[in-house]
Amino acid sequence: MAGWLKYMIAFASAFALMLAIRSLVLSVHGVIGDGLAPLYHNGDRLLINRCSYGLRIEGNGLLPYSRLMRQPVERGDIVAFNIPRGSLGCLEDVSSFGLMIARCKAVPGDTVRTDSGVAVIPGLYNCAKTDYYWLEAINDKNPVDSRYLGFIPEQDIIGRVVTVLYNRYNSFLP
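Throughout what follows, the structure given in this document is the object of discussion. (Residues numbered from 1 in each chain as written. Predicted model: local features only at pLDDT ≥ 70, side-chain atom pairs only at ≥ 80, totals over all residues. Heavy atoms only, no water.)

Focus: the overall build of the protein chain
Within the protein chain, the secondary structure is distributed over two helices and 12 strands. Element order for the protein chain, N to C, with α for helix and β for strand: α-β-β-β-β-β-β-β-β-β-α-β-β-β. For the protein chain, buried positions account for 35% of its 174 residues. By element, 60% of the accessible surface of the protein chain is carried by carbon and sulfur atoms, the whole surface being about 10,400 Å². (Helix = DSSP H or I, 4+ residues; strand = E, 2+ residues; numbered from the N terminus. Buried < 20%, exposed > 50% of the residue type's maximum accessible area, 1.4 Å probe, protein only. Areas by Shrake-Rupley, 256 points an atom, 1.4 Å probe, with all protein chains shown as cover.)

Structure representation (structure tokens):
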């Protein structure tokens, strides 16, 4: 009985380690839509560094949101984020959208003006609120970015996109 038990303990430990790494450090995300085309296409699989802006502690109502070893999001970073609750109006369940991908155009302290859906810095709308970012897709027709959602709070930013793991046109990339 002790022989199979040591294999089960090793398997359970490896599984727990894999879950910890996937939830705290790295995750894989599939691109839905062509919001960042031609850079990323529908069906691409991206590797996301979840620790790039610090280790997220969400708390889920028990603890307040915080980040350990916090690093600011920089202008030009391509980030993965959750859609803020209540930002899509009548759509209650935003979890069906999954993670969204966009480029950071404005950081706290910047001002943003939109002319026909194009962000111009500086401008009218102030992004000076602490920990709020203006995130835009490359493709103007993408309905899920700051042009439609407004400023994205830092707590909804998951991490920075590191690389493309799988491209639907070229299969696996080196």
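So that's the structure; there's more coming.
Digging into the nonpolar core
Where a protein is soluble and globular, its nonpolar side chains tend to be buried together. With 15 residues, the main nonpolar core has Val 73, Phe 81, Tyr 133, Leu 135 and Ile 157 as its most contacted residues. Elements represented by at least two residues in this core include exactly β5 (78-81), β6 (100-106) and β9 (132-136). Take this core: its biggest share by element is three residues, from β6. Look past the residues within four positions of Leu 135 in its chain and what remains in contact with it is Val 79, Phe 81, Ala 102, Arg 103, Cys 104, Asp 145, Ser 146, Ile 152 and Ile 157. Tyr 40, Leu 46, Ala 80 and Ala 137 belong to the second-largest nonpolar core, a separate cluster that totals 13 residues. (Core = buried A, V, L, I, M, F, W, Y, C linked by side-chain atoms within 4.5 Å. Contact = heavy atoms within 4.5 Å.)

Let's talk about the environment of Asn 82
You can see Asn 82 is positioned in the loop between β5 and β6. Each C-alpha atom, one on Asn 82 and one on Pro 153, is 9.7 Å from the other, the two residues being 71 residues apart in sequence.

Some words on empty space enclosed by the protein
Evaluated as defined, the whole model comprises one cavity of 30 Å³ or more. Looking at the largest cavity, its volume works out to about 120 Å³. Along the wall of the largest cavity there are 12 residues; nearest its centre are Val 31, Ile 32, Gly 35, Met 100 and Ile 101. Broken down by class, the residue content of the lining of the largest cavity amounts to seven nonpolar, four polar and one charged. (1 Å grid on protein atoms, 1.4 Å probe; cavity = no way out; pocket = protein on both sides within 12 Å on 5 of 7 lines; lining within 4 Å. Points joined across faces, edges and corners; volume = space filled by probe spheres on them. Nonpolar A, V, L, I, M, F, W, Y, C, P; charged D, E, K, R; others polar.)

Examining the pattern of salt bridges
Note on pairing: side chains with opposite charge can pair once their charged atoms come close. Under the defined criterion, the tally for this structure stands at one salt bridge. Here Glu 154 and Arg 70 are joined by a salt bridge, their closest N and O atoms 2.6 Å apart. Taken together, the residues Glu 154 in the loop between β10 (152-153) and β11 (157-167) and Arg 70 in the loop between β4 (66-68) and β5 connect sequence positions 84 residues apart. Judged by relative accessible area, which is 39%, Arg 70 ranks as partly exposed. (Salt bridge = Lys/Arg side-chain N within 4 Å of Asp/Glu carboxyl O.)

With respect to a nonpolar patch on the surface
Together, Trp 4, Leu 5, Met 8, Ile 9, Phe 11, Phe 15, Met 18 and Leu 19 line one region of the surface with nonpolar side chains, adding up to about 830 Å² of accessible area. The topology assignment puts Met 8 in helix α1 (residues 2-24). (Patch = residues over 30% accessible without salt bridge, like charges linked within 9 Å, V, L, I, M, F, W, Y side chains within 5 Å.)

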